[in-house]
Amino acid sequence: MKILSDSERELLEKILFHQHGVKEAFREFILVMSGDNKVRATTTETVEVARKLGRVLQVGVYVAKYRRSKNEVFLSIEGSQLLNDKLCKNVVELSEEECLQWMQGAPVSKSINTGSRYIVGKIDKIYLGSARVSRDNKLYPQIAVWRRLPEE
Amino acid sequence: MIESSMREELKNYLLKIPNLKLDLLIEYWSKPIPESFRVNTLKLPEEYILDRLRRRGLIFKKIPWARYGYILESESELSLTIEHMLGLIYIQGPVSMAPVEALDPKPGEMVLDMCAAPGSKSTQILQLLQGRGVLVANDPVIDRCKALSSNLQRFGGYNVVLTTLDGRAFPKLVGEFFDKILVDAPCSSLGIVSKDWSVVKNWSIHNVIRLSRLQTQLIRAAFDSLKPGGTLVYSTCTLTVEENENVVDNLLRSRRNACVEEARLDGLRYEKGFTEFDNMRFNDELSKTLRIYPYHNSAEGFYIAKIRKCE
Ligand SMILES: C[S@@+](CC[C@H](N)C(=O)[O-])C[C@H]1O[C@@H](n2cnc3c(N)ncnc32)[C@H](O)[C@@H]1O
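Here the structure is a predicted model, which is why all the values come from computation and not from measurement. (Residues numbered from 1 in each chain as written. Chains lettered and ligands numbered in written order. Predicted model: local features only at pLDDT ≥ 70, side-chain atom pairs only at ≥ 80, totals over all residues. Heavy atoms only, no water.)

Engineer: Quick question: what am I supposed to make of the overall build of chain B here?
Structural biologist: Broken down by element type, chain B carries 13 helices and 15 strands. Over its C-alpha atoms chain B spans a radius of gyration of 19 Å, differing by no more than 12% from the 19 Å that the globule rule assigns to 311 residues. For chain B, the spread of C-alpha atoms along the three principal axes comes to 55 × 50 × 35 Å. Classification of the 311 residues of chain B by burial places 62% in the buried group. Looking at charge distribution, chain B has the averaged site of its 41 positive side-chain charges lying 3 Å from that of its 39 negative ones. (Helix = DSSP H or I, 4+ residues; strand = E, 2+ residues; numbered from the N terminus. Rg over C-alpha atoms; globule rule 2.2 N^0.38 Å. Buried < 20%, exposed > 50% of the residue type's maximum accessible area, 1.4 Å probe, protein only. Lys, Arg positive; Asp, Glu negative; His and termini not counted. Charge placed at Lys NZ, Arg CZ, Asp CG, Glu CD.)

Engineer: In this structure, what is going on with the sheet that holds strand S1 (residues 36–39) of chain B? I would like to understand it.
Structural biologist: The pairing of strands in a sheet happens through backbone hydrogen bonds and is either parallel or antiparallel. All names here are of chain B. Ordered in space as S2-S3-S1-S4, the four strands form an open sheet in which the pairing is antiparallel. In the strand order of this sheet, the two ends are held by strand S2 (60–62) and strand S4 (89–91), each with one partner. Geometrically, the sheet is characterised by an average inter-axis angle of 35° between neighbouring strands, direction not taken into account. Bridge analysis of S1 against S4 gives three bridges, and the strand direction is antiparallel. Note that in S4 the partner of Arg-38 across the bridge is Tyr-90. Against the sheet, helix H7 (residues 120–129) makes contact with S1 and S4, and its axis sits at roughly 30° relative to S1, the strand it touches most. (Pairing = 2+ DSSP bridges. Axes fitted to C-alpha atoms, helices over the stretch in contact; angles between N-to-C directions. Contact = heavy atoms within 4.5 Å.)

Engineer: Is there a simple way to explain the domain arrangement of chain B in this structure?
Structural biologist: Accessible area lost upon the coming together of the parts is a frequently used measure of interface size. Residue and element names in this part refer to chain B. Domain annotation for chain B reports domain 1 (2–33 + 94–309) and domain 2 (35–92). Averaged C-alpha coordinates put domain 1 and domain 2 at centres separated by 24 Å. Domain 1 puts 29 residues into the contact, and the matching count from domain 2 is 23 residues. Around 2000 Å² of area is buried between domain 1 and domain 2 when both sides are counted, 56% of it from carbon and sulfur atoms. (Domains from an automatic or database assignment. Buried area = accessible area lost by both parts, 1.4 Å probe.)

Engineer: Honestly, the site of the ligand in this entry has me stumped. Any pointers?
Structural biologist: All names here are of chain B. Around the ligand sit 19 residues, and of these Lys-121, Asp-139, Arg-144, Gly-167 and Asp-184 come closest. Within the backbone of Gly-119, a nitrogen or oxygen atom sits 3.0 Å from an oxygen atom of the ligand. Within the contact set of the ligand, a nitrogen atom lies 3.1 Å away from a side-chain nitrogen or oxygen of Asp-166. Protein chains shield 87% of the accessible area of the ligand, which is 610 Å² for the free molecule. With respect to the pocket detection grid, the ligand is positioned in the largest pocket. Mapped by element, the contributors of at least two residues to the shell around the ligand are H7 and helix H11 (205–224). (Near = heavy atom within 4 Å. Polar contact = N/O pair within 3.5 Å; in protein donor to acceptor, adjacent residues only side chain to side chain. Areas by Shrake-Rupley, 256 points an atom, 1.4 Å probe, with all protein chains shown as cover. 1 Å grid on protein atoms, 1.4 Å probe; cavity = no way out; pocket = protein on both sides within 12 Å on 5 of 7 lines; lining within 4 Å. Sits in = over half its atoms within 2 Å of the grid points.)

Encoded structure:
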């Protein structure tokens, strides 16, 4: 279990502030780095319990993919839901139809002019995680394959 | 259909169970268990999520014994809804929600789900902890932990550790550590035959006795890992006495400070646990445990025992 250092946290916070206007992202949590550049959020007490036990497969919830080399952060569905209304920049409201496409992992065509390569999707009060924006303005949701709705 | 694939050995066993209505049991085994779900209040308010489902045309009614639990009354594939994929609802059988309600975890408590995969009851515990305290969700079968991990992720609880220990290892590792423990033990599954008919084909008393030994070791390990004053719930989704009353009786014999308590579950129909069976005689306290047959609630069959570690 590798807990994110203060400097790594600072960088993550900076990126999230820059990408989505989030102040002090995940401050109430301990952040743990797991394989594949994945960041998981949990509590101090949970980490203490995990240290007492053997055979720990994981702690907390996966909140973001964090590529330091590229200075980019993709929020998982749960990561965006934990940040909730702290997300105030580059958030794109979707219709039910677009939300369905998003959850199928399909690109969503939408004219947006955020100018950012990263956006977070939202339908009503529900945050849907991050998408990459292509040059031709398509949103590519970063949804894990196991999480996708099958196409009809 | 089911009756013809049922082995003689199983039929003779079931005929020995007092008050069991075998015809009715077989009838309910042949029917699907109603679709039901819990609303995930860790993510959004209950009414908001229910409103979304209503707008999709879903009709449902409240399950009286389970907070946030609903039975679907309209035709629908819940597993294909956006709400399921987003973790706003969790699909779980109605009676399967009863053991955690009996355990009643409270925010701030240290809780162990000893046999956790695929995670229905772990997510229910996380919901009741409301983000405070810690849940250890444990299962030694790595293949089953994949589903456990996905279900925990979708549900969104962060105060959880997933471990792959043999449940019997806990007392040595942590001592008297947990406020609440759920032992939803591996069992011969006679309460959920409608989900998997092969259960009746493969059932054997030999396997039941093997499971009973493991279950006795698991319940003891759980009891020894409880803080004084802590509570454990032992549950199975099967009907055999060897895997139910006999296991709890073994615990009462070996641990003098184990006290059985009656679980109070609104509107759930059941029969009292047995104090004798065949040539076995059990502690009278066993009548406080719950025997739930599929025909009692038109759903799964379960056995539930609530035990406190007296100080
Ligand atoms: C009835 S299932 C649990 C269902 C789960 N509680 C739920 O609600 O989703 C029983 C589980 O016990 C696990 N198991 C088997 N042997 C075990 C052991 N020695 N210690 C702990 N768990 C064990 C199995 O892998 C299986 O996943």
